[in-house]
Amino acid sequence: MMRERASWSSDVVLGWVCFGAMLLALYGAFVYAQREVVMGDVQRIFYVHLPLAWVGFVAFGHAAWAGLRYLQTGRREWDVASASAAEIGVLFATLVIITGSLWARSVWGTWWTWDPQLVTYLILWLIYAGYLVLRAAAGDDSRQARFAAVFAIVGFVDVPLVWLSARYLRALSPVIFTTHSIGLAPSMAWALLAGLVAWSLLYVVLVRARIRLGVLEARVQALTDGSA
Amino acid sequence: MTYLFWAFAVVWIGLFLYLYRLVKRSRRLERELDELTARVRMGADAGSGRLDGAGVAPPPASLRR
C-alpha cells in the first residue's frame, strides 16, 4: 500500500515535470528556434517529428528488451511491460508517419515516396502493429505470450535498418546528425533538444500508466478465473 | 502554415484520444475489480457461516453433531 502510494506521488511529480518540459519544448519550437530560410515555418514540424521518431525507437527497444526478459524469467510483469511499450511505440510511429507526410506534402509536394527509409519505417510500424494484433488474440496463454515476445525481439532488428537507410540511402529526409557536426543553427538545436527531453519524459509517464493498467488487468483476470 | 497547424493538431489529438482510452479502461477495470472483490468476500463470509444478508446462517446448536 505504502509502495503504491509512493509510486503514485512520484508519477504526479513526473507528470508535472513533463508538463513543464512540454511547455518549454513548444516555446522552443514556435518562438525560440529561428525560422528556416528555405522551408519557412512549416519546418517547425521537425521539432515534433524527430522527437516522436526517437521515442518510437526507444519504445520498440523497450518492448524487445522486456520481451527478452519475459523469455528469460517467464514473469508476467515483463510481458505486460513489453505489450505496453509496443502499444505506445505504435502510437508514436503512427504520429511520425502522419507528421512526416504533412511535412513532405508542404515542402516536396508529395504525401509519400517509396524510398528505403520510409519503406523500412513502414515495415517497422507493420511489425509492431501486427504484434499488437497478436497480443490481443493471445489472451493469457503463456505460449502465445512467448511467441509475442519473440516477435517483439525480431521486430527490433528493423530499427537499425531504418537508421542506416536514413543515413546512407538518402531520399527526402535530410541528414541532421553526422559524426562531425549537427546540421542545425544553435537555436534550432536547443529547440530540438527540449523536444527530445519533453517527449522522452512523456514516454516514461505514459508507459508507467500503461503498465499499471496492464497489472490491474492481470489482477482482474486472476480474480475472474478464481471466482469462475 | 496549414500543414504546420495540422501536424501539431494531429499529434495532440492522437495523444489525448490515447489518454482518454487509458482512463476509460482504467475506470472500467477498477469497477470490475471492486465487484469481484465484493463477490469473493461475500463467498468467503458465506463459507465461514456468518449471517450478513448474503451469507448462510449457521445451523442451530440442537442440530449440530
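Each value, and the rule that gives it
- Residues numbered from 1 in each chain as written.
- Chains lettered and ligands numbered in written order.
- Predicted model: local features only at pLDDT ≥ 70, side-chain atom pairs only at ≥ 80, totals over all residues.
- Helix = DSSP H or I, 4+ residues; strand = E, 2+ residues; numbered from the N terminus.
- Buried ≥ 20, exposed ≤ 12 C-beta atoms within 10 Å, placed from the backbone.
- pLDDT = per-residue confidence, 0-100.
- Contact = placed C-beta atoms within 7 Å.
- Nonpolar A, V, L, I, M, F, W, Y, C, P; charged D, E, K, R; others polar.
- Axes fitted to C-alpha atoms, helices over the stretch in contact; angles between N-to-C directions.
- Parallel < 35°, antiparallel > 145°, perpendicular 65-115°, else oblique.
- Left-handed = near helix turned anticlockwise from the far one by under 90°.
- Expected span 1.5 Å × (residues − 1).
- Arc of directions from axis to C-beta.
- Core = buried A, V, L, I, M, F, W, Y, C linked by C-beta atoms within 7 Å.

1. Focus: the overall build of chain A
Then step 1. Helix and strand counts for chain A come out as 7 helices and 0 strands.
Then step 2. Its helices and strands in sequence order give chain A the pattern α-α-α-α-α-α-α, from N to C terminus.

2. Details of the overall build of chain B
Then step 1. What chain B contains, in helices and strands, is 1 helix and 0 strands.
Then step 2. Taking all 65 residues of chain B together, 5% fall into the buried category.

3. A word on the confidence of the model for chain A
Then step 1. Of the residues in chain A, 88% reach a pLDDT of 70 or more, and the chain-wide mean stands at 86.
Then step 2. Per-element averaging of pLDDT across chain A places helix H6 (residues 158-168) of chain A at the bottom with 81 and helix H2 (residues 46-73) of chain A at the top with 93.

4. Topic: the interface of chain A and chain B
Then step 1. Listed by partner, the interface residues are 23 residues for chain A and 19 residues for chain B.
Then step 2. At the level of elements, helix H3 (76-108) and helix H7 (186-227) of chain A are the ones that each hand at least two residues to the side of chain A that touches chain B.
Then step 3. For the side of chain A that touches chain B, the element with the highest residue contribution is H7(A), accounting for 10 residues.
Then step 4. Among the residues forming the side of chain A that touches chain B, the class breakdown is 13 nonpolar, 4 polar and 6 charged.

5. A short note on the packing of H2(A) against H3(A)
All names here are of chain A.
Then step 1. Orientation of H2 relative to H3, taken along the N-to-C sense of each, is 160 degrees, at an axis distance of 7 Å. What the angle tells us is that H2 and H3 run roughly antiparallel. In terms of crossing hand, the pair formed by H2 and H3 is left-handed.
Then step 2. The residue makeup of the contact of H2 with H3, split by class, is 19 nonpolar, 9 polar and 2 charged.

6. Here's the deal with helix H5 (residues 142-155) of chain A
An α-helical turn contains 3.6 residues, so a residue and the one three or four places further along point in the same direction.
Residues and elements named next belong to chain A.
Then step 1. The first and last C-alpha atoms of H5 sit 20 Å apart over 14 residues, in line with the 20 Å expected at 1.5 Å per residue.
Then step 2. Turning to H5, its buried residues number three or more, namely Ala145, Ala148, Ala149, Phe151, Ala152 and Gly155. Relative to the axis of H5, the buried residues are bounded by an arc of 160 degrees and lie together on one face.

7. Overview of the confidence of the model for chain B
Then step 1. Looking at chain B, pLDDT values average 76 and 71% of them are 70 or higher.
Then step 2. Both confidence scores are given for the complex: pTM 0.83, ipTM 0.83.

8. Thoughts on the nonpolar core
Then step 1. Of all hydrophobic cores here, the largest spans 62 residues; its most connected members are A:Ala59, A:Ala152 and A:Tyr203.
Then step 2. Where this core is concerned, the elements lending two or more residues are helix H1 (2-32), H2, H3, helix H4 (116-138), H5, H6 and H7 of chain A together with helix H1 (2-48) of chain B.
Then step 3. A total of 15 residues in this core trace back to one element, the largest contributor, which is H2(A).
Then step 4. When sequence neighbours within four positions are dropped, the list of residues in contact with A:Ala59 reads A:Ala85, A:Ile88, A:Gly89, A:Phe92 and A:Tyr203.

9. With respect to the packing of H2(A) against H5(A)
For any two helices packed against each other, one specifies the inter-axial angle together with the distance between the axes.
All names here are of chain A.
Then step 1. At a closest axis distance of 8 Å, the pairing of H2 and H5 adopts a crossing angle of 140 degrees. Between H2 and H5, the angle is such that the two are oblique. Every pair of crossing elements has a handedness; the one defined by H2 and H5 is left-handed. On H5, the residues touching Phe60, Ala63, Ala64, Gly67, Leu68, Tyr70 and Leu71 of H2 are Arg146, Ala149, Ala152, Ile153 and Gly155.

10. Some words on H2(A)
All names here are of chain A.
Then step 1. Between the first and last C-alpha of H2 there are 40 Å, a value that for 28 residues agrees with the 40 Å anticipated at 1.5 Å per step.
Then step 2. Extensive coverage of H2 is indicated by the burial of 20 of its 28 residues.
Then step 3. Phi turns positive, to about 75 degrees, at Gly74, one or two residues after H2.

11. Quick look at the environment of A:Glu217
Then step 1. Here A:Glu217 lies in helix H7.
Then step 2. As a C-alpha pair, A:Glu217 and A:Leu71 span 146 residues in sequence and 21 Å in three-dimensional space.

12. Side note on the environment of A:Arg69
Residues and elements named next belong to chain A.
Then step 1. Of note, Arg69 is situated in helix H2.
Then step 2. With 17 C-beta atoms counted inside 10 Å, the residue Arg69 sits in the partly exposed group.
Then step 3. As for Arg69 and Ala81, which are separated by 12 residues in sequence, their C-alpha atoms are 9.9 Å apart.

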